[in-house]
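Chain by chain, the residues run as shown.
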Amino acid sequence: MSNNPLIAAYKKPALYVGLPSGGKYYDPKPKLSADGELAVYPMTARDELITKTPDALFNGEATVSLLHSCCPDIENPEQTPVSDLMVLMLAIRNASYGADIDVDLQCPKCDFINNLTVSAARLLGSIKPLDVDPVVTLPSEFQVEVKPFNLTDRTKLQLQGVKQQRIVRDVQNTELSDEERNKRFGQTFIELAELTIMLISNCIVSVQAPESEEKITDTPLILEWLQSISKKDYDQIRDRVEQMSEDGMNREFDATCQDCGNKWKTDVELDVANFFVG
């Protein structure tokens, strides 16, 4: 927070929100209220300019900037667990524009496109603390402690995905031989696989071999080990990391068609690229 007395007097939290992570996996841990909640401030005019360009929110620096401004008690937003990220974005949206979020839903009965309203406050109120055992026990009795993906991991995956899409598009639009086309396709998928394994290794806190009291925490050693284990063991570790990266938000929504009156339940798809609208 700025030391400017004018800013300190003007800028006040709009709401407090509980984090699925409980504030774990940050260094240093964010300052939380007595109830264990994080203060969230409304967006500034500068912040709004960032959100008016949807693609900017897929850029890690833009998201970090928004968190710095609206969640100043998180000292290093780059470390924000993915489990907390959507919660924080939704809380910032609520603090800045109010609880109502307009969503377009197609009726499964008559195909009418409905413009309905979802309550951000209800979504935030449905969040439960992360309750997943961080320790994975492999059939070989190796003990692997993991943590969620963070914002930096998410950004790397998104940038690699964009690169992959661009390569696929360029290959389709060029007069390459089948051999060269297959080579380029193969290379981009190898790069994605290697990046994914590297990011999973970053999410491993420690590995303890059976009948050993030593916990290995050295990331290069863990990466080398991860590259040597079976796919079944790797999938078990990856699945636990992904479980820990979920936000636990209940997205189920009761919808009623404005045209035919049909009622159905659906999950609200939240996309930070399009719900920051005033």
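Residues numbered from 1 in each chain as written. Predicted model: local features only at pLDDT ≥ 70, side-chain atom pairs only at ≥ 80, totals over all residues. Heavy atoms only, no water.

A closer look at helix α7 (residues 178-202)
An α-helical turn contains 3.6 residues, so a residue and the one three or four places further along point in the same direction.
For step 1, the next point in the chain: A rise of 1.5 Å per residue sets the reference length of α7, with its 25 residues, at 36 Å; its end C-alpha atoms lie 36 Å apart and thus fit the reference within 8%.
For step 2, the next point in the chain: Within α7 the residues assigned to the buried category are Thr-188, Leu-195, Leu-199, Ile-200 and Ser-201. (Helix = DSSP H or I, 4+ residues; strand = E, 2+ residues; numbered from the N terminus. Expected span 1.5 Å × (residues − 1). Buried < 20%, exposed > 50% of the residue type's maximum accessible area, 1.4 Å probe, protein only.)

Thoughts on the sheet that holds strand β6 (residues 143-146)
For step 1, the next point in the chain: The antiparallel open sheet is built from four strands, whose spatial order is β5-β6-β7-β8. This sheet does not close on itself; its edge strands, each paired only once, are β5 (135-137) and β8 (215-216).
For step 2, the next point in the chain: The pairing of strand β7 (residues 204-208) with β8 spans two bridges and is antiparallel. Across the sheet, the residue bridging to Val-207 is Ile-216, located in β8. (Pairing = 2+ DSSP bridges.)

Concerning the nonpolar core
It is characteristic of soluble globular proteins that their nonpolar side chains tend to be buried jointly.
For step 1, the next point in the chain: Core analysis: the biggest nonpolar cluster contains 40 residues, and Val-17, Leu-88 and Ile-92 have the highest contact counts within it.
For step 2, the next point in the chain: Among the secondary structure elements, those contributing two or more residues to this core are β1 (15-18), β2 (37-40), α3 (60-70), α4 (82-97), β3 (100-106), β4 (113-119), α5 (120-125) and β9 (252-256).
For step 3, the next point in the chain: If you tally residues by element for this core, the top one is α4, at nine residues.
For step 4, the next point in the chain: Grouped together as the second largest cluster of nonpolar side chains are 19 residues, Ile-222, Trp-225, Tyr-234 and Val-241 included. (Core = buried A, V, L, I, M, F, W, Y, C linked by side-chain atoms within 4.5 Å.)

Points about the environment of Tyr-10
For step 1, the next point in the chain: Following the sequence through the fold, Tyr-10 ends up in helix α1 (residues 5-10).
For step 2, the next point in the chain: Taking relative accessible area as the criterion, Tyr-10 reaches 72% and is therefore assigned exposed.

Brief notes about the pattern of salt bridges
For step 1, the next point in the chain: Under the criterion given, the structure shown has five salt bridges.
For step 2, the next point in the chain: In this structure, Lys-231 engages Asp-235 in a salt bridge whose closest nitrogen and oxygen atoms are separated by 2.6 Å. In this pair, Lys-231 and Asp-235 both sit in helix α9 (residues 231-244), four residues apart, roughly one turn of the helix.
For step 3, the next point in the chain: Residue classification places Lys-231 among the exposed positions, given a relative accessible area of 61%.
For step 4, the next point in the chain: Between Asp-235 and Arg-238 there is a salt bridge, and its shortest N-O distance comes to 3.3 Å. Within this pair, Asp-235 and its partner Arg-238 are both found in helix α9, separated by three residues, close to a single helical turn.
For step 5, the next point in the chain: Assessed through its relative accessible area of 25%, Arg-238 is described here as partly exposed.
For step 6, the next point in the chain: Connected via shared salt-bridge partners are Lys-231, Asp-235, Arg-238 and Asp-239. (Salt bridge = Lys/Arg side-chain N within 4 Å of Asp/Glu carboxyl O.)

Some thoughts on the side chain of Asp-233
For step 1, the next point in the chain: Structurally, Asp-233 can be placed in helix α9.
For step 2, the next point in the chain: In this structure Asp-233 is buried but unpaired, with Lys-232 as the nearest side chain of opposite charge at 6.7 Å.
For step 3, the next point in the chain: Every residue in contact with Asp-233, bar those within four places of it in the chain, is listed here: Leu-138 and Pro-139. (Lys, Arg positive; Asp, Glu negative; His and termini not counted. Contact = heavy atoms within 4.5 Å.)

Quick notes on the pairing of β3
For step 1, the next point in the chain: Side-chain alternation along β3 places Ile-101, Val-103 and Leu-105 on a buried face and Asp-100, Asp-102, Asp-104 and Gln-106 on a face that remains uncovered.
For step 2, the next point in the chain: Alignment of β3 against β4, held across seven bridges, turns out to be antiparallel. Note that in β4 the partner of Ile-101 across the bridge is Val-118.
For step 3, the next point in the chain: In textbook terms, the turn of a hairpin is the stretch between consecutive antiparallel strands, and for β3 and β4 this stretch comprises six residues, one of which, Asp-111, has a positive phi near 70 degrees.

Looking at the packing of α3 against α4
For step 1, the next point in the chain: Closest axis-to-axis distance for the α3/α4 pair is 11 Å, and the angle between their directions is 60 degrees. What the angle tells us is that α3 and α4 run oblique. Here α3 runs over α4; the crossing is left-handed. Only Leu-85, Leu-88, Met-89 and Ile-92 of α4 make contact with α3, whose side of the interface consists of Thr-63, Leu-66, Leu-67 and Cys-70.
For step 2, the next point in the chain: Of the residues assigned to the contact of α3 with α4, the class counts are seven nonpolar, one polar and no charged. (Axes fitted to C-alpha atoms, helices over the stretch in contact; angles between N-to-C directions. Parallel < 35°, antiparallel > 145°, perpendicular 65-115°, else oblique. Left-handed = near helix turned anticlockwise from the far one by under 90°. Nonpolar A, V, L, I, M, F, W, Y, C, P; charged D, E, K, R; others polar.)

Let's talk about α4
For step 1, the next point in the chain: Compared with the 22 Å implied by 1.5 Å per residue over 16 residues, the 23 Å span of α4 between its first and last C-alpha is a close match.
For step 2, the next point in the chain: The buried count for α4 comes to 13 of 16 residues, which makes it a mostly enclosed element.
For step 3, the next point in the chain: With its phi angle positive at about 100 degrees, Gly-98 sits one or two positions after the end of α4.

By themselves, these are just geometric observations and shouldn't be taken as functional.
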